[in-house]
Amino acid sequence: MTKPVLLETGPMMDLISSQLANDFTVHRLPAAASDREALLGKIAGDVVGIATGGHTGVKTDAALLARFPKLRVIGNFGVGYDSIDVATAAKRGIIVTNTPDVLTEEVADTALGLLLNTVREFGPAEQYLRAGEWAKKGDYRLTPGSLRDRTLGMVGMGRIGQAIAKRAAAFGMPVVYFSRSKKSDVAFPYYSNLIEMAKAVDTLMVITPGGAETKNMINAGVLAALGARGILINVARGTVVDEPALMAALRNKTIQAAGLDVFWNEPTINPEWMSVPNVTLFPHVGSASVYTRDGMGQLVVDNLVAFAKGEAPKTPVAETPFKGW
Ligand code: NAP
């Protein structure tokens, strides 16, 4: 029996590719555009599954989806699926799956690490030691920032947001949150207005989905409301923050500092970031441990293989609920 045809839109972990090959005939989209066209010309009419992720650099947009008339399932490596046109997928009855839960604790750890690095300047302090300046110049400076006198305003209080809030509360920080709706199972105080929350706190932690709805949600107005003691941490998506506004706010001290794990145009980020001193920069490492990436990879496989076996996918996204293949 011939296996169903699956396309990987970019490099996937061996753990994914090797397992998918048991149940699918797997093709990988080449990097060069002309090679891509040649491959798509051959296989597009037969493709029923796609394995993708924000890291492949290929948007699963309406134009790409239009190439695959028989497409039934898309397995996304990552919980955020803003690089996939889910509205078009939903209209065509294509099931989109993602990797929730398996990465929640890792990303929450990273968020706290980024917050601590930003507030207490651990990166620059280590560089000071490595440069031999401790013995020459004396102790590293006392940091103007501390978690001891801060209140955390969460922008987004979903799976990862709640894991971050739990950690911040354990660190002794008062926590409040903003999202479109008040969560019945969350006891932290809720704000329905982002500016009002930004005025009430000095530290913002952004952990919403990306996409059109949250684009530039953290803008000059929010940063001004956060104020001169303000710290902004973004572990969501680069697009949620108006980067020029943030850069200006950091340079003219509208806020104190920022910590960013995500950027516009990753991985080719705006080079101006390198010359902004009061920002901590992580190269999108939120979930990037072997343990967690293996868990995510396995979930991508399980979702796609479920299609090949005629079983229900484990984690379809809310916009494309599973009603049968
Ligand atoms: P989730 O459980 O769906 O939570 C999303 C939260 O964002 C909810 O509280 C939701 O509440 C809120 N939200 C959604 N749209 C909003 C809007 N327009 N305005 C304000 N709040 C909004 O998702 P999750 O598992 O926690 O993941 C969240 C995001 O984290 C992912 O989508 C991804 O972008 C990002 N992420 C980053 C990394 C990394 O490596 N840095 C890793 C994993 C995930 P309401 O629906 O009530 O608004």
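Parameters at a glance
- Residues numbered from 1 in each chain as written.
- Predicted model: local features only at pLDDT ≥ 70, side-chain atom pairs only at ≥ 80, totals over all residues.
- Heavy atoms only, no water.
- Phe/Tyr/Trp six-rings, centres within 6.5 Å; stacked < 30°, edge-to-face > 60°.
- Helix = DSSP H or I, 4+ residues; strand = E, 2+ residues; numbered from the N terminus.
- Near = heavy atom within 4 Å.
- Polar contact = N/O pair within 3.5 Å; in protein donor to acceptor, adjacent residues only side chain to side chain.
- Nonpolar A, V, L, I, M, F, W, Y, C, P; charged D, E, K, R; others polar.
- Buried < 20%, exposed > 50% of the residue type's maximum accessible area, 1.4 Å probe, protein only.

What the rule picks out here adds up to four aromatic pairs. On the basis of an interplanar angle of 75° and a centroid distance of 5.4 Å, the ring pair of Tyr128 and Tyr140 is categorised as edge-to-face. Placement of Tyr128 in helix H6 (residues 122-130) and of Tyr140 in the loop between helix H7 (133-137) and strand S6 (152-155) is noted, with a sequence separation of 12 residues between them. Through a chain of ring-to-ring contacts, three or more aromatic side chains come together here, namely Phe307, Phe322 and Trp325.

Time to look at the site of the ligand. Taken together, 29 residues are adjacent to the ligand, and Met157, Arg180, Ser181, Lys183 and Asp261 come closest. Here Arg159 contributes a backbone N or O atom positioned 2.9 Å from an oxygen atom of the ligand. Residue Glu213 places a side-chain N or O atom 3.2 Å away from a nitrogen atom belonging to the ligand. When its residues are assigned to classes, the shell around the ligand shows 12 nonpolar, 11 polar and six charged.

So, about unusual backbone geometry. Residue Pro267 follows Glu266 across a cis peptide bond; omega there is -5°. Here Pro267 shows up in the loop between strand S11 (257-260) and strand S12 (279-281). The phi dihedral of Glu121 falls on the positive side, at around 60°, and the residue is not glycine. Relative to the helices and strands, Glu121 resides in the loop between helix H5 (104-120) and H6. Exposure remark for Glu121: the relative accessible area of 12% places this residue in the buried category. For Asn216, which is not a glycine, the phi torsion comes out positive at approximately 55°. Topologically, Asn216 is positioned in the loop between strand S9 (203-206) and helix H10 (220-226).

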